[in-house]
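Architecture and fold: a report
In case you want the letters, here they are:
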Amino acid sequence: MRIRGSLTAALVSCVTLAALAGCTVQPAGTDGKRGLPVHVRLPSSRSSVTTWTAPPPAPPVRPAPRVLWSRGDSGPGVRELQARLRQLYWLSDGPTGSYGHLTERAVQGFQSKRGLARTGRTDTVTWQLLVGMTHTPGTWELYPMGGQPAGAPDVRCLTGRVLCIDKTTRTLRWMVDGRTVSTMSVRFGAQYTPTREGVFHIFWKARTWTSTLYHSPMPYAMFFSGGQAVHYSSDFAARGYAGASHGCVNVRDESAIKQLFAQVRVGDKVVVHW
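Below or above, wherever it landed, is the structure these notes cover. The structure displayed is predicted, hence computed values, not measured ones. (Residues numbered from 1 in each chain as written. Predicted model: local features only at pLDDT ≥ 70, side-chain atom pairs only at ≥ 80, totals over all residues. Heavy atoms only, no water.)

Attention now goes to empty space enclosed by the protein. For the coordinates displayed, the defined rule picks out one cavity of 30 Å³ or more. Taken as a whole, the largest cavity spans an internal volume of roughly 30 Å³. Around the largest cavity, the lining residues are G151, A152, P153, D154, C164, D166, T171, R173 and H273. Broken down by secondary-structure element, the contributors of at least two residues to the lining of the largest cavity are β5 (161-166) and β6 (171-176). A per-class count over the lining of the largest cavity returns three nonpolar, three polar and three charged. (1 Å grid on protein atoms, 1.4 Å probe; cavity = no way out; pocket = protein on both sides within 12 Å on 5 of 7 lines; lining within 4 Å. Points joined across faces, edges and corners; volume = space filled by probe spheres on them. Helix = DSSP H or I, 4+ residues; strand = E, 2+ residues; numbered from the N terminus. Nonpolar A, V, L, I, M, F, W, Y, C, P; charged D, E, K, R; others polar.)

Right, here's the structure in full:
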């Protein structure tokens, strides 16, 4: 009886000291880590105990959208991007196919207006939004200043020395014995001053010439039908396909036509076709 009473008194003293010292017992499974307190009522008693649970996991981080084009890139995708930006008046210059600072600034403006991150890089989110607000650009939206690919040459261009001029693709091929020596963009006459079609021959060349009818300069002129000639046009170089000739075949690349003028001879064939 005396031993039992001593043990009981010692146990009460330990519990009392633990309570005064603020000691608690760590629940199993918490490993001493802090969590969220949850009060759990035991089924066989009115008393309750406090346990701890781990905090909820952080939401997953979404990956950044994939970048399709950025400054320094080039190609047909960039050209289409530029044409679509022009439709919404974010870009004033014609599509070039090269992603420079003007394209980057246009993309930044579009992104800022639509609440996107203003990076200047065209990612998948920016592109999808732009596509949804624009139509698929046509050939002359993509190439308003030239540079378009040439079509297959007419069969009449496959022999001899020929200026093969395609009205459909608006291109001129300089061909020798079926081989394409050079290709350049051209434009033609307007509705009431059309460029004649058919097979002709160069009958006169003039390094410098001014039209006696329209009083406009015609440098590097190679005449093939009356007053119609292949020649350089500064207006075509400045305005692209926004303008037209008075029936001549205009070339906008002065360096290219200078080389062509030096190679073409009087008597060489000219084929103008669709």
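Now that the structure is up, let's keep going.
Glancing now at the packing of helix α2 (residues 76-87) against helix α3 (residues 101-113). Viewed as axis vectors pointing N to C, α2 and α3 meet at an angle of 55 degrees, and their least axial separation amounts to 11 Å. Considered as vectors, α2 and α3 are oriented oblique to each other. Relative to α3, the crossing made by α2 is left-handed. Seen from α2, the contacting residues are L81, Q82 and L85; seen from α3, they are T103, A106, V107 and F110. Its residues assigned to classes, the contact of α2 with α3 shows five nonpolar, two polar and no charged. (Axes fitted to C-alpha atoms, helices over the stretch in contact; angles between N-to-C directions. Parallel < 35°, antiparallel > 145°, perpendicular 65-115°, else oblique. Left-handed = near helix turned anticlockwise from the far one by under 90°. Contact = heavy atoms within 4.5 Å.)

Time to look at the pattern of salt bridges. One pass over the full model with this rule turns up seven salt bridges. In this structure, the salt-bridge partner of E104 is R71, at a minimum N-O distance of 3.2 Å. You can see E104 sitting in helix α3 and its partner R71 sitting in the loop between β3 (67-69) and α2, a full 33 residues away along the chain. Between R187 and D235 there is a salt bridge, and its shortest N-O distance comes to 2.7 Å. (Salt bridge = Lys/Arg side-chain N within 4 Å of Asp/Glu carboxyl O.)

One number sums up the size of the largest pocket: a volume of about 460 Å³. Forming the walls of the largest pocket are 25 residues, and the residues nearest its centre are S211, Y214, S216, M218 and C248. Breaking the lining of the largest pocket down by element, the ones donating at least two residues are β11 (228-232) and α6 (234-239). Sort the elements by how many residues they give to the lining of the largest pocket and β11 lands first, with three residues. Partitioned by chemical class, the residues of the lining of the largest pocket number ten nonpolar, twelve polar and three charged.

Taken as a whole and assessed by the stated rule, the structure comprises nine aromatic pairs. Judged by centre distance (5.1 Å) and plane angle (20 degrees), the rings of W204 and F223 are stacked. Within this pair, whereas W204 is found in strand β9 (residues 204-206), its partner F223 is found in strand β10 (residues 221-225), the two being separated by 19 residues in sequence. By relative accessible area, which is 36% here, W204 ends up partly exposed. Exposure remark for F223: the relative accessible area of 5% places this residue in the buried category. Among the aromatic residues, ring-to-ring pairing joins F203, W204, W209 and F223 into one connected group. The ring of F188 has K167 sitting right over it, with the charged end atom 5.9 Å from the ring centre. (Phe/Tyr/Trp six-rings, centres within 6.5 Å; stacked < 30°, edge-to-face > 60°. Buried < 20%, exposed > 50% of the residue type's maximum accessible area, 1.4 Å probe, protein only. Lys NZ or Arg CZ within 6 Å of the ring centre and 35° of its normal.)

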